[in-house]
Amino acid sequence: MTKRAAAAFLAAMTVLAGGCGGGGSGGTNVDANPAAQTRPDTLKLGLLVSRTGASASLGQMVEYASRLAVKEINDAGGVNGQQLELILRDDKLDADAGVLSARELAALDPVAIFGPFSSRVAIPVAQQVTIAAGIPFIASGSSPLISSLDDKGTVYRTVASDALQGAALADHIIEQGLTRVALIHVDDAFGVGASDAVRQRLVARGYPPLANIAYPATKTVGFDAELAALSANGVPQAVLMVGFALDGASIARGLKEKLGSRMPRLFGAGNFGTTFISNAGDAALGMQWVSPTAPRSTPSFAAYRDAFVRQVGLEPEGTSFTGYDSVYLLALAMAQGGANTRAAILANLQTVSRPDVRPDARPEDPAPVAIGPGQFAQALAALKAGRDIDYQGVAGSVDFDANGDPTSGTYLISEVVRGADGSVAFVERKVFTFAQGK
């Protein structure tokens, strides 16, 4: 299984979708004339995701997963007799670029837009593009601010709010006997929301943070002032960094240089990984990082992983599952509604994601048919027979609540360790699910 095989899959899926990725060779020119890239007879889904910049590798995984879902659904006959076509634009992990790209997608009249995994992109796209246009929008940004958008019922997401992740992470830190905690976060929608969720949980547990320091979203070096403020009320036992790889590495190195043997335990929420390790050096050792993940032991994950490896030639990584689940949810909502329209999606997303939302359901009705990855044909058969369906996605039971948020989230805790051969890498420590109300 190689990256060459993945590239071949991507090229093949682009050709099958009528050049939906762009007008150039292999469908990689996402800045080409959008009007020349679509077919008139297809049902268009707009994918907005990072294809360039520091998060390009994560974005490519989401793209692979989305194309896999489109292929499976089209192989099962499509949606209400129409084939899906994926049209893609690059958000560059930047708010302004994301809004411009979303407007390009909206001009192509997609039935829905999905994909952004950063709240700094998802929120302005929703506020400036999709809500006013009435376009169903599924993001995977985790900021609690998404829940409070005045979205007219059009915004959903496939990862849980940081209100859940923050509470889970705060509990994880306290469980290790670390109660003197300081927070430092990037000053954007993600950083503010995630750090505040941790802060609220720490306060509720009786351990208010020693400090909660923000820094500009454009800053990656030079944190002397922030580090001084971080320890102004005493040296913490633990420091939570909410941010990204380069800024996180600078903060870790600064703490190591400033505190030496008094170095606190580091925790992270955001986009860390090999870039963080290579830039932080020994200061990274022992750092634990929380990230949304899919429950690994379920039949849904096994089916998704097997299909991904078979078709793409790589192991699925990161939050690739969010693209796959979004495509299935959108297609199932249209199939349930019997119409390939935005209205059908908005009327049925909750219905197909959970077993208990039909207002006319009766106790004697048969249980909804559970539909997992790769089972679009079974979903169509169940709907034809008059049965309700309940999508059990790669991410688990999505079960959208009234705000369009999943009611539970599954999280992975990884730790930076040095192996016997001297190499440094993240290793998995814990996977757990945290639900609303815990």
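Above this note sits the structure.
Rules and cut-offs
- Here the residue index of a chain counts from 1 through its sequence in written order.
- A pLDDT threshold of at least 70 governs which residues receive local features in this predicted model, and a stricter bar of 80 or more applies before side-chain atom pairs are shown or counted, although totals over entire chains, interfaces and linings include all residues.
- As a convention, hydrogens and water are excluded, and side-chain values are obtained from all of the structure's heavy atoms.
- Segments assigned H or I by DSSP are reported as helices when at least four residues long, segments assigned E as strands when at least two residues long, and all are numbered from the N terminus.
- We call two residues in contact whenever any of their non-hydrogen atoms come within 4.5 Å of each other.
- Exposure was quantified through the Shrake-Rupley algorithm and a 1.4 Å probe, taking into account, for residues, occlusion by the shown protein chains and nothing else.
- A pair of strands is labelled paired if DSSP reports no fewer than 2 bridges between them.
- Salt-bridge detection follows one rule: a side-chain nitrogen of Lys or Arg within 4 Å of a carboxyl oxygen of Asp or Glu.
- Relative accessible area decides the class of each residue, using a 1.4 Å probe on protein chains only: under 20% of the type maximum gives buried, over 50% gives exposed, and in between gives partly exposed.
- A 1.4 Å probe that fits into a set of points on a 1 Å grid over the protein atoms alone but cannot get out defines a cavity; an open set with protein on both sides within 12 Å along at least five of seven lines defines a pocket, and lining residues are those with an atom within 4 Å of a point.
- Grid points are joined across faces, edges and corners, and a volume is the space filled by probe spheres set on the points.
- Residues are grouped as follows: nonpolar covers Ala, Val, Leu, Ile, Met, Phe, Trp, Tyr, Cys and Pro; charged covers Asp, Glu, Lys and Arg; every other residue, Gly included, is treated as polar.
- For every element, the axis is a line fit to its C-alpha atoms; helices are fit only across the contacting stretch, and the angle between N-to-C directions ranges from 0 to 180 degrees.
- For this classification, under 35 degrees means roughly parallel, over 145 means roughly antiparallel, 65 to 115 means roughly perpendicular, and everything else is oblique.
- Helix crossings fall into two classes, left-handed where the near helix is turned counterclockwise from the far one by less than a right angle and right-handed where it is turned clockwise.

S.K.: Before we move on, can you summarise the overall build of the protein with the specific residues and values?
M.R.: Helix and strand counts for the protein stand at 13 helices and 15 strands. A fraction of 68% describes how many contacts in the protein between residues 6 or more apart in sequence connect residues 24 or more apart. Taken as a whole, the protein presents about 17100 Å² of accessible surface, with 51% of it coming from carbon and sulfur.

S.K.: Account for the sheet that holds strand 13 (residues 396-397), naming residues and giving values.
M.R.: Strand order in the open sheet formed by 3 strands is 11-12-13, with mixed pairing between adjacent strands. If you trace the sheet from one side to the other, it starts and ends with strand 11 (369-371) and strand 13, each paired once. When strand 12 (residues 389-393) meets strand 13, the two strands line up antiparallel, connected through 2 bridges. Paired with Q392 across the strands is S397, a residue of strand 13.

S.K.: Help me get a handle on the pattern of salt bridges, residues and values and all.
M.R.: Overall, the coordinates contain 18 salt bridges when judged by the stated rule. Between E175 and K430 there is a salt bridge, and its shortest N-O distance comes to 3.7 Å. Of the two residues, E175 sits in helix 5 (residues 162-175) while K430 sits in strand 15 (residues 424-435), which places them 255 residues apart along the sequence.

S.K.: Before we move on, could you go through the environment of G234 and cite the residues and values that matter?
M.R.: Position of G234 relative to the elements: it lies in the loop between helix 7 (224-230) and strand 8 (238-244). With relative accessibility at 22%, the residue G234 sits in the partly exposed group. In this structure G234 touches R180 and L210, once residues within four positions along its chain are discounted.

S.K.: Outline unusual backbone geometry, listing residues and values.
M.R.: For N80, which is not glycine, the phi torsion reads 50° and is therefore positive. You can see N80 is positioned in the loop between helix 2 (56-75) and strand 2 (84-90).

S.K.: Please provide a residue-by-residue account of the environment of E104, values included.
M.R.: By secondary structure assignment, the location of E104 is in helix 3 (residues 95-107). Residue classification places E104 among the partly exposed residues on the basis of a relative accessible area of 28%. Here the alpha-carbon distance between E104 and R89, two residues 15 residues apart in the chain, equals 7.9 Å.

S.K.: Before we move on, can you summarise the pairing of strand 1 (residues 43-49) with the specific residues and values?
M.R.: Side-chain direction in a regular strand flips from residue to residue, so the side chains alternate between the two faces of the sheet. Within strand 1, 7 of the 7 residues are buried, which leaves it mostly tucked inside the rest of the structure. Alternating positions in strand 1 separate into two faces, L43, L45, L47 and V49 on one and K44, G46 and L48 on the other, with burial throughout. Of the strand pairs in this sheet, strand 1 and strand 2 are connected by 7 bridges, and their pairing is parallel. Following the sheet pairing, L47 is matched in strand 2 by L88.

S.K.: Just give me the short version of empty space enclosed by the protein, but keep the residues and values in it.
M.R.: Taken as a whole and assessed by the stated rule, the structure comprises 1 cavity of 30 Å³ or more. Forming the boundary of the largest cavity are D162, Q165, G166, L169, A194, V198, L240, V242 and A269. Counting residues per element, the ones that place at least two in the lining of the largest cavity are helix 5, helix 6 (189-204) and strand 8. For the lining of the largest cavity, the element with the highest residue contribution is helix 5, accounting for 4 residues. Of the residues contributing to the lining of the largest cavity, the split by class is 6 nonpolar, 2 polar and 1 charged.

S.K.: Account for the sheet that holds strand 5 (residues 155-157), naming residues and giving values.
M.R.: Read from one edge to the other, the open sheet built from 5 strands follows the order 2-1-3-4-5, with strand pairing classed as parallel. Bordering the open sheet on either side are strand 2 and strand 5, each of which pairs with just one other strand. Averaged over neighbouring strand pairs, the angle between their axes works out to 25° when direction is ignored. Across 2 bridges, the pairing between strand 3 (residues 112-114) and strand 4 (residues 137-139) is parallel. Paired with I113 across the two strands is F137, which belongs to strand 4. Contacts between helix 2 and the sheet are confined to strand 1, strand 2 and strand 3, with strand 2 contributing the most and set at about 170° to the helix. Contacts from helix 11 (residues 321-337) reach strand 1, strand 2, strand 3 and strand 4, with the element oriented near 160° to strand 3.

S.K.: An account of the packing of helix 3 against helix 4 (residues 119-133) is requested, with residue identities and associated values reported.
M.R.: Orientation of helix 3 relative to helix 4, taken along the N-to-C sense of each, is 45°, at an axis distance of 8 Å. In terms of their interaxial angle, helix 3 and helix 4 are classed as oblique. When the axes of helix 3 and helix 4 are compared, the crossing they make is right-handed. Contacts from A95, G98, V99, A102, R103 and A106 in helix 3 reach R120, V121, P124, V125, Q128 and V129 in helix 4. Within the contact of helix 3 with helix 4, the residues separate by chemical class into 8 nonpolar, 2 polar and 2 charged.

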